[in-house]
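Geometric and topological summary
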2 protein chains.
Amino acid sequence: MAHCALLLCGLLSAGMAHAEDGYDLWLRYHTLPAAQVDAYRAHATQLIAPSSSPTQQVTRQELQRGLDGLLGRTTPLADAVTSDGAIVVGTAASSPLIARLRLDTKNLGHDGYLIRSTKVDGHAVTIVVGNDDVGALYGAFRVLRLVQTMQPLDHVDVREAPKLQLRVLDHWDNLNGHVERGYAGNSLWNWQKLPDWLDPRYTDYARANASIGINGTVLNNVNAQAAILTPLYLEKVKALAGVLRPYGIRVYLSVKFSAPIEIGGLKTADPLDPQVQRWWREKADEIYQLVPDFGGFLVKANSEGQPGPQDYHRTHADGANMLADALAPHGGVVMWRAFVYSQDNTDDRAKQAYTEFKPLDGKFRANVLLQVKNGPIDFQPREPFNPLFGAMPKTPLMMEFQVTKEYLGFATHLVYLGPLFEEVLAADTMAQGKGSTVAKVIDGQLDHHALTGIAGVANIGADRDWSGSDFNQANWYAFGRLAWNPVASSRDIANDWARMTFTNDEAFVKPVVDMMMLSREAVVDYMTPLGLHHLMGHGHHYGPEPWDASGPRADWTPVYYHRADHDGIGFDRSSTGSNAVAQYAPAVAAQFNDASRTPDAFLLWFHHLPWTYRMPSGQSLWDALVQHYTRGVDDVAQMRATWARLDGHIDAQRYRKAATFLAVQQNEAQWWRDASIVYFQSLNGLPLPAGYQPPAHSLKYYQSLSFPYVPGYQ
Amino acid sequence: MAHCALLLCGLLSAGMAHAEDGYDLWLRYHTLPAAQVDAYRAHATQLIAPSSSPTQQVTRQELQRGLDGLLGRTTPLADAVTSDGAIVVGTAASSPLIARLRLDTKNLGHDGYLIRSTKVDGHAVTIVVGNDDVGALYGAFRVLRLVQTMQPLDHVDVREAPKLQLRVLDHWDNLNGHVERGYAGNSLWNWQKLPDWLDPRYTDYARANASIGINGTVLNNVNAQAAILTPLYLEKVKALAGVLRPYGIRVYLSVKFSAPIEIGGLKTADPLDPQVQRWWREKADEIYQLVPDFGGFLVKANSEGQPGPQDYHRTHADGANMLADALAPHGGVVMWRAFVYSQDNTDDRAKQAYTEFKPLDGKFRANVLLQVKNGPIDFQPREPFNPLFGAMPKTPLMMEFQVTKEYLGFATHLVYLGPLFEEVLAADTMAQGKGSTVAKVIDGQLDHHALTGIAGVANIGADRDWSGSDFNQANWYAFGRLAWNPVASSRDIANDWARMTFTNDEAFVKPVVDMMMLSREAVVDYMTPLGLHHLMGHGHHYGPEPWDASGPRADWTPVYYHRADHDGIGFDRSSTGSNAVAQYAPAVAAQFNDASRTPDAFLLWFHHLPWTYRMPSGQSLWDALVQHYTRGVDDVAQMRATWARLDGHIDAQRYRKAATFLAVQQNEAQWWRDASIVYFQSLNGLPLPAGYQPPAHSLKYYQSLSFPYVPGYQ
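Notes on the structure follow. Residue numbering note: each chain is counted from 1, following its sequence as written. Starting at A for chains and at 1 for ligands, labels are handed out in the order in which the entities are written. pLDDT decides what is reported in this predicted model: residues at 70 or higher carry local features, side-chain atom pairs at 80 or more are listed and counted, and totals for whole chains, interfaces and linings draw on all residues regardless. Only heavy atoms go into the side-chain values, all of them from the structure, while hydrogens and water stay out.

1. Details of the overall build of chain A
Threshold: Numbering of helices and strands runs from the N terminus, with a helix taken as a DSSP run of H or I at least four residues long and a strand as a DSSP run of E at least two residues long. Between the two quantities, the radius of gyration covers C-alpha atoms and the globule rule is 2.2 Å times the number of residues to the power 0.38. Each residue gets one of three labels from its accessible area relative to the maximum for its type: buried under 20%, exposed over 50%, partly exposed in between, using a 1.4 Å probe on protein chains only. The contact criterion used is simple: two residues touch if any of their non-hydrogen atoms lie within 4.5 Å. Note on areas: Shrake-Rupley with a 1.4 Å probe; residue coverage comes only from the protein chains shown. Neither His nor the chain ends is counted toward charge; the positive residues are Lys and Arg and the negative residues Asp and Glu. The location of each charge is read from NZ of Lys, CZ of Arg, CG of Asp or CD of Glu.
Along chain A, the regular secondary structure elements total 22 helices and 15 strands. Expected size for 714 residues packed as a compact globule is a radius of gyration near 27 Å; at 26 Å, chain A falls within 12% of this value. Once the C-alpha set of chain A is aligned to its principal axes, its extents read approximately 80 × 65 × 50 Å. In chain A, which comprises 714 residues, the share counted as buried stands at 65%. Across chain A, every contact between residues at least 6 apart in sequence was considered, and the portion connecting residues at least 24 apart equals 72%. Accessible area for chain A stands at about 23,700 Å²; split by element, carbon and sulfur atoms hold 52% of it. Across chain A, 61 positive and 73 negative side-chain charges occur, with their mean positions spaced 3 Å apart.

Dropping the structure here:
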């Protein structure tokens, strides 16, 4: 023992430097306080888990790793229950012991699980059961979560099945290692060293995803490079698929519509051209030879300069269906993005996706999902739900959220996205009357679709902490949890995450969860309050540039979106304006069409109003705007004060990092507030309401700032 | 104790995943075997070290961290020697105790050190003394090395001072995070999060460098971006300088000669223009306001498209001296690169640097160093020494080595560069008769220069293992050790490195050091034997392309360098050819001018010979060439076999990684050998010598391979 301790000390002092660098995510498995350790050991006296399949093996390994870490001792493996407190894991097929129990697992589906305290051979045990190995794996992670968050194990009865079928992370990773809109370093994928070198980090990535039920990964950027479909790269894709497979994760690829020309040597990529169709069929066959459980293709076509079927006067359906036909024999799907808008189209950008896709409802093959961003523009701090949700009942719509914070302060701002996701999922489309929530649209309930899915644009890179900050990990975590259950509570999720990632210390968890829950409204307030949107720096989207009116296209400039002048501000999308409101179900349209019935949060999204407009609060619009901007800064100051009080509750390394980032966030929130106010004042000439601090600098100063080499942009 | 152990187990099981990921470099500090621990504890009963300056603080911290780790217990701090076995660290100025000893430290200079077993107040102690804090810091690292490599501490008497003044790492890091010729991920510098967030990794970077005596860092790429000189970035530079300063490391910047135009708003960058001179003076003043100990500028001018003084019909001296005048008042230096060649100049590329710079000898300011690459072309597996060494007695010449393996297999090939560095440093220029080695040129002995230096192009990135493989760390280490002492033995350095990085287990160290020492000749053989050079893939330099004759310029194509045809091969640089030999001292020139006296290693560098040429061995040149190519592959097979025998001697994680990379290296060595032989055969139509395996594929096959998105290239 003494010698062992010695050795440990040695390893430790060497390891200290990176002991708390955030690498372990929410799978930290540090030993629980002594009191809890004793309690839980009584519920983990034996581990009975099969290990004949790769998934069974990683399930057993994870339970051993987790329990050994959390309980500070080795959990003995056993083949039969010989004492109270055994944990029995598996499926009826893999475990005769479980088969004997004849459990009702019908409604668990393929990847659901059942965790129950019961008796086996007279002994009290905890059983963890799925219909398939992956269900048991998910159940095992759930058991570990129960212990990590210190939930009792005496009378467990958990029955869970995911509400969505495809729970996917989209990596916007280029083959040269650059991550578009990535703020956590280079791509996780080391294409040069693949397929030979399988970085252990790939396995930890798979563990983290499996722990929250993510079952798909799109490896490359939607602005795709054709080379990913060449044999050189497909061998590398195969290698990654092999690492992810035991964890129930399928790989998908983003494909470039012009690939048949670029790497196929064809003259055209016309989806109705037989040679093109043949090329894609053979390419699909080639991929499935290498990756039998390949998930399918993600496609960004005729959007922001990407090639697509319209280059040949074909429809999006023509393009999607051609790829769907190539994948169908192998069970693959096409995730076709609805994020399209054209610079030749002078109509309100917010309307264009609906205009293009609504008429195509019912024209897609059965294995096509239409991937729709949560809002009509582009991942803003707040947008109303995308009008396509509820508008295409014959087409499976897949949600696309952004987990990386392209428009929300990059890596350093503490913005917990749980409430944003929750707000969108809970939004009522009224498509089939009250209660037609976005969640019910995407989970197939509303229109009876079996094929369902959700995608999150990953915030993961090679940075040691995976996501560029420890708090950004919460957004990865929350996305996975909401992908599993779109009606889960973002607050509950934050609570679990904080406990698993930092500590169960109540004095820490409560204020931190409150801070996280406050953070999203804060960023809306200091960046784009009252329905304003897209006021970020040109191209790189870092910092405020509400004054920007530069090219190459109007709908990439802030002035296009806020339409502010001497008299008023806001984008008139009512019936007197672009009439984007008409794209929503009548009840919703009627509400958004009427400024007095439009929630403050969306006011300037739908209406152009005079600065003197009376808000429900009785304030003028201008005074309310200034108040919101200021409140955003004050909220960050409060978050910072909260964190300052928590020094000592967690390790110094992660504490200091978050403290530093909160200081950055406060400075940048102030910058946003001041630059925006001084600019709008330059238009309306109005004074600040009494008691509000004037902007720190002149408009000229804010306009003079420039930021070359901002990350994530190219 | 039991509780402590419990806690440790918890931390450990969580830490396991990255316990042996290579992050700790050669500063691993894992607890020594029990036997040694007891012996060394007797020599570390107390630690007496001042802590009033930042450098003193990090010195003390490092000794505590190292000794606590290596000896598995806390070393007590003390103010006075009260027992045998004390370690006393400091300077006469910082420690009255050391002052009392009146040691002879004159010849230690600013950063040398003395380590000696002696008596203080009747107690046996080990003293670690420097004239300045940084000398004591270097001494402290040396003490740790003694323990790490298990050298006795009973009768130590070490007196060391560096032979070179500026020991610098050049980072070819761009401000967008891309590292030119980098194979270890993104840049270590997170410019977006600087100056606020100081990644703890910056400190570990400083520790690693200080441990081998590196005292300078050029933060950005020689293909410089002017933005690094804007206030936005200088604030970030200041923050990094603050982290490195306590470790005796100064920061330098690469500057773009056209910066006065790009960011200064001037119409010209003419070095003789008073406005331009003033702009640089004021820029230097601005930098020193922020970084009082700023090191100076590194400049790549009029080379590979970079702007420079010749754009204004001025000389390199005019350009360097203007910058030198701006830095001189602050004690800064200019490191002006001699790596120049022009596409308008049809003369042998190998001659151009000499032709341009030799006439400028004596025309540079006193604070200018001319930074000369080791060879006349560009970091090839083997080149003869650069003829500028010894040819410019009035100018301090600074060596530029490449630590990153641009032309030597990138991250995966195991190539220990110690022997390459050693070979160049030991080369005899004969400039002042026998013994005028390159080492004596750069350390100032030969021409009596006080200002001396050496630079290494770093192989460091954000990858967890810093250098893209654990064995690449040895090249960073060896560069530092040879920068400190250019006549040190690369084998001894490999021995220290292997012990500190892996284990002192003799059964491991001996074969690994043999393998490392073999590795450089292996890569020469399988890539470019007998003096061949620059046969790598166009632009990215990955893999063989000896057939490449594509644009944009001849001197970037392999055919320019090997000149092979039906009858023979090699670049005639003798008096019958480009006469590059004439740039060497007469004795050397005479030798290289005569094929029969030219070492095999340089034969085809200096001579174009018929395939049937008789080698000293009696073989034909062609047979010898095939033999060398084949031997290179066989050597890698042997390295791989050696490593296979060592499984179990070290941790599985690092073992498996090196084993995987060696397999990659063997495949790629075979590829190099086969592609080169099949190509040369297509020219000379000669059969392989008896018993040699034919190439695996056709020339067409090798020519068909293409590699988009190769790392490190843009």
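2. Quick notes on the pairing of strand 2 (residues 86–90) of chain B
Residue and element names in this part refer to chain B. Quick note on the threshold: Paired strands are those between which DSSP finds at least two bridges. Handedness of a crossover: with both strands directed away from the viewer, a clockwise path from the first strand across the helix to the second marks it as right-handed.
The buried fraction of strand 2 amounts to five of the five residues, a majority that puts the element mostly inside the structure. Neither face of strand 2 is left uncovered, since the one carrying Ala86, Val88 and Gly90 and the one carrying Ile87 and Val89 both have all their residues buried. Two strands pair when backbone bridges link them, and strand 1 (residues 46–48) and strand 2 are joined in this way by three bridges, in the parallel orientation. Note that in strand 2 the partner of Gln46 across the bridge is Ala86. Between strand 1 and its parallel partner strand 2, the chain crosses via helix 3 (residues 54–71), and the hand of that crossover is left-handed. Bridge count for strand 2 against strand 4 (residues 123–129) is five bridges, and the pairing is parallel. Across the sheet, Gly90 pairs through a bridge with Val129, a residue of strand 4.

3. Side note on helix 21 (residues 652–684) of chain B
An α-helix turns once every 3.6 residues. As a result, residues three or four positions apart point the same way. Residue and element names in this part refer to chain B. Inclusion rule: Every helix has an expected span of 1.5 Å times one less than the residues it contains.
If you check helix 21, its first and last C-alpha atoms are 47 Å apart, about what 33 residues at 1.5 Å a residue would give, namely 48 Å. The buried count for helix 21 comes to 24 of 33 residues, which makes it a mostly enclosed element. Directly beyond the C-terminal end of helix 21, a positive phi value near 60° is found at Gly685.

4. Quick notes on the sheet that holds strand 12 (residues 397–402) of chain A
By definition, the strands of a sheet pair up through backbone hydrogen bonds, in either a parallel or an antiparallel sense. Residue and element names in this part refer to chain A. So the rule is basically this: Helix axes are fitted only over the stretch in contact, all axes being lines through C-alpha atoms; the angle between N-to-C directions runs from 0 to 180 degrees.
Read once around its circumference, the closed barrel built from eight strands follows the order 6-7-8-9-10-11-12-13, with strand pairing classed as parallel. The sheet shows a mean angle of 25° between the axes of neighbouring strands, taken without regard to direction. Pairing of strand 11 (residues 368–373) with strand 12 involves four bridges; the strand directions are parallel. For Val372, the partnering residue across the bridge sits in strand 12 and is Met399. Along the sheet, helix 10 (residues 316–327) makes contact with strand 9 (296–299), strand 10 (333–337) and strand 11, crossing strand 10 at roughly 160°.

5. As for the sheet that holds strand 5 (residues 157–160) of chain A
All names here are of chain A. One open sheet holds the five strands; their spatial order is 1-2-4-3-5, and the pairing between them is mixed. One side of each edge strand has no neighbouring strand; the edge strands of this open sheet are strand 1 (46–48) and strand 5. Strand-to-strand twist of the sheet, defined as the mean angle between neighbouring strand axes without regard to direction, takes the value 25°. Relative to strand 5, strand 3 (residues 113–120) runs antiparallel, the two sharing four bridges. The partner of Ile115 across the bridge, within strand 5, is Val158.

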